[in-house]
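Structure at a glance
Spelled out from the first residue to the last, the chains are:
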Amino acid sequence: MPDLGLLLVQIAVVVIAARVVGLLFRHIRQPQVMGEMVAGILLGPSFLGMVAPGLSARLFPAASLGFLHSISQVGLLVFMFLVGLELNPRLLRGRGHTAVVTSHASIVVPFFLGSLLSLHLYPRLSDASVTFTGFALFMGAAMSVTAFPVLARILTERGLMRTRVGSVAIACAAVDDVTAWCILAVVVTIVRAGGHGLPPWMTVAGSAVYVAAMVLLVRRALALLERRYRHNGRVTQDMLGLILLVALASAWTTEALGVHALFGAFLAGAVMPKDEGFVHALTGKLEDVTVVLLLPLFFAFTGLRTRIGLVEGAQMWGFCGLIVLVAVAGKFGGSAVAARLTGMNTREAAAIGALMNTRGLMELVILNIGLDIGVISPAVFAMMVLMALATTFMTSPLLELVYPARLLRHSDAAPDDAAADDAASRVDRNGERAGVTVDTASG
Amino acid sequence: MKNVAVYFLLVGVPAAGLAAILRAGNRLHAPPHLAGEWRVEGMALALDAGDTVSAFSVVQSGEHVEVVVGPRALRGRFAGDSLTAARGAVRMDAAGPCVAGAVRLDVRVDTAARPMRMWGTWRADEPGCAPVRFAATQAAREGR
């Protein structure tokens, strides 16, 4: 049984730290989620455990972390459901060749460079329990992530959602999100092959059948919810209960298939009706508690398992620098070159590169999966967390550097901005925190 | 036509390169998997007066290892079959000099044995602290 008193103190400390550090980061024009991620690191062995080991051991004893982990995982499931819910297929329509080539290049180039880097890192930072294929594919997938929610937040804050740069970037990020999760599903299947109780063919076949069933059957059935919403004018508690049940059942199914519960939650959100009012009402009901209470617990849990102390000595910091360099070169470089070669001017192309380089919370989610299944070691985990922080932190200043806001706002508006308008309007209506993709900047 | 060429250059070529990387990488070797709990064979390891250890754990990141013996964490390298780890002196309440002082671990690992075995010496860099010889067996592997 958990020590309820200790658990409540832990939650209170985590929420306070996340709010305080998040606000500090907002003052330096960084997304709040950046501060919340840093707060998690500060509560872990890399800071609190070093400056006050006694307090750290009393506040976060190893035996208590299981409960913190369980609560944070539930929060993460709801968050991934919301990310899927906010995914709007309209973002992908009518964006032209630039968006298609840039989105694909922004996945394949960092994936390739991440795998190439694995040739150097695998013999030095992995061990024989992990195959090179699993390690390289995971590194590639982790390098190719873009934080769709943080991107939407930055675009909205800067009033760029309706510009050409903004609309191409958001379309590319949506493609990246879906693709990265699909790739990761494959990687998890390969790494877990045989070790999860199910033979690999059953995982692959079962996943394919399940995705098809969700897209072709469940999505149609869920359209009834939209009709019900239009009839009632609101998302009732009964509807919410049913929706959460669908999300949990989907998460359970993908976990049982040997992929990961988070894929199921994301998929459940993705097949939900996309009526703007319905999405907004559902997000409003789920978002605040998830973002203010549960996600900081995930950041804290991530921070508690991030041991920057393991990155010790010139060689290890060299590896870390190399990871950051490859991550930026792959994502920023790949996206910018593709955008430039498909017709954008140099400034616009560089802005696309800077935006696509944002990794945020989505990277932390993927890294935690990697550490859980043992495909990356604790030191690689710490290095990749530092990379996620660095690339998220550099987005705003880099964007301002390559394409100052005053120039971006005067660039051409996108031809079809209905979906971008949806995302922007969710921020406009709620002020501080609106749609999960937009205002939480959690991603 | 230009877009097709760009697509081929930025998507097709790296995707083909990935296949080559995976083929080349499968010839690489990573160090054996040491991470997890190790149980001291025979008598518990007596590090200092009243301070005995019957198990310890290894945190591994490739050739970089951390050996956690109770509250002490020694960092070092694992190369071939030799593991060396050390830690500088730290302030530890109620700990004798043979534990709180600088310590060093030198062990050999039989990576072919199942479960794996290691044997070697725990040395405290303090006068009056005799080297402690020990052997240990891998009890639980960390990971998947």
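Residues numbered from 1 in each chain as written. Chains lettered and ligands numbered in written order. Predicted model: local features only at pLDDT ≥ 70, side-chain atom pairs only at ≥ 80, totals over all residues.

**Focus: the interface of chain B and chain A**
- The interface of chain B with chain A comprises 30 residues on the first partner and 40 residues on the second.
- Sorting the residues of the side of chain B that touches chain A by element identifies α1 (2–25), β4 (55–61) and β5 (64–69) of chain B as the ones contributing at least two each.
- Examining the composition of the side of chain B that touches chain A, we find that 13 residues originate from one element, α1 of chain B, more than from any other.
- Along the lines of polarity and charge, the residues of the side of chain B that touches chain A split into 15 nonpolar, 11 polar and 4 charged. (Contact = placed C-beta atoms within 7 Å. Helix = DSSP H or I, 4+ residues; strand = E, 2+ residues; numbered from the N terminus. Nonpolar A, V, L, I, M, F, W, Y, C, P; charged D, E, K, R; others polar.)

**Some words on the confidence of the model for chain A**
- Of all residues in chain A, 89% have pLDDT values of 70 or greater, and the mean over the chain is 86.
- Segment residues 425–441 of chain A is flagged for pLDDT under 50; beyond a separation of four residues in sequence, or across chains, it makes 50 contacts in the model. (pLDDT = per-residue confidence, 0-100.)

**Examining the nonpolar core**
- One finds L151, A169, I352 and M383 of chain A to be the most contacted residues of the largest nonpolar core, which totals 163 residues.
- Here this core takes 17 residues from helix α9 (residues 164–192) of chain A, the largest share from any one element.
- Filtering out sequence-adjacent residues up to four positions away, I352 of chain A remains in contact with T102, V165, V168, A169, S335, A336, A339 and M344 of chain A.
- Listed in part, the 22 residues of the second largest apolar core include W38, V67, F78 and W122 of chain B. (Core = buried A, V, L, I, M, F, W, Y, C linked by C-beta atoms within 7 Å. Buried ≥ 20, exposed ≤ 12 C-beta atoms within 10 Å, placed from the backbone.)

**Regarding the environment of V324 of chain A**
- If you trace the backbone, V324 of chain A turns up in helix α14 (residues 313–341).
- With residues near it in sequence (within four places) discarded, V324 of chain A still touches M387 and A390 of chain A.

**Here's the deal with helix α8 (residues 148–157) of chain A**
- Counting buried positions along α8 of chain A yields 9 of 10 residues, so the element is predominantly enclosed.
- Those residues of α8 of chain A lying buried are F148, P149, V150, L151, A152, R153, I154, L155 and T156 of chain A.

**Section: unusual backbone geometry**
- Following R114 of chain B, the chain continues into P115 of chain B via a peptide bond in cis, with omega recorded as 0 degrees.
- For P115 of chain B, the position within the fold is in the loop between β8 (103–110) and β9 (117–124).
- Look at R29 of chain A: it is not a glycine, yet its phi comes out positive at around 60 degrees.
- Mapped onto the elements of the fold, R29 of chain A is located in the loop between α1 (4–27) and α2 (32–43).
- Judged by C-beta crowding, with 10 C-beta atoms within 10 Å, R29 of chain A ranks as exposed.

**Examining the environment of A349 of chain A**
Residues and elements named next belong to chain A.
- Turning to its location among the elements, A349 is positioned in helix α15 (residues 346–356).
- A count of 25 C-beta atoms within 10 Å places A349 in the buried class.
- The spacing of A349 and A169 is 180 residues in sequence and 10.0 Å in space, taken between C-alpha atoms.
- Excluding residues that lie within four positions of it along the chain, A349 makes contacts with A336, A339, R340 and M344.

**Details of helix α16 (residues 360–372) of chain A**
Residue and element names in this part refer to chain A.
- Between its terminal C-alpha atoms α16 stretches 19 Å, which fits the 18 Å expected from 13 residues at 1.5 Å a residue.
- Burial of α16 is extensive: 12 of the 13 residues sit out of reach of the surface.
- Inspection of α16 places G360, L361, M362, E363, L364, V365, I366, L367, N368, I369, G370 and L371 among the buried residues, and these make up the whole buried set.
- Following α16 by one or two positions, G374 adopts a phi angle in the positive range, close to 80 degrees. (Expected span 1.5 Å × (residues − 1).)

**Observations regarding the pairing of β9 of chain B**
Residues and elements named next belong to chain B.
- Bridge count for β8 against β9 is 8 bridges, and the pairing is antiparallel. Directly across from D106, in β9, lies its bridge partner T121.
- Connecting β8 to the antiparallel partner β9 that follows it, the hairpin turn spans 6 residues. (Pairing = 2+ DSSP bridges.)

**Examining the confidence of the model for chain B**
Residue and element names in this part refer to chain B.
- Of the residues in chain B, 84% have a pLDDT of 70 or more, and the chain-wide mean is 84.
- The least confident element of chain B is helix α2 (residues 97–100), whose mean pLDDT is 65; the most confident is β4, at 93.
- Both scores are given for the predicted complex: the pTM is 0.87, the ipTM 0.87.

**With respect to the environment of A327 of chain A**
All names here are of chain A.
- Looking at the element boundaries, A327 is found in helix α14.
- Each C-alpha atom of the pair A327 and Q30 lies 20 Å from the other, and the pair is 297 residues apart in sequence.
- Those residues in contact with A327 that sit more than four places away from it in its chain are P110, M143, M387 and T391.

**Things to note about the packing of α15 of chain A against helix α17 (residues 378–402) of chain A**
All names here are of chain A.
- It is at 9 Å that the axes of α15 and α17 come closest, and there the two elements cross at 180 degrees. With respect to α17, the axis of α15 lies roughly antiparallel. Counting all contacts with α15, which are made through R347, A350, A351, A354 and L355, the residues of α17 involved are T395, L398, L399 and V402.
- Residue composition of the contact of α15 with α17, grouped by class: 7 nonpolar, 1 polar and 1 charged. (Axes fitted to C-alpha atoms, helices over the stretch in contact; angles between N-to-C directions. Parallel < 35°, antiparallel > 145°, perpendicular 65-115°, else oblique.)

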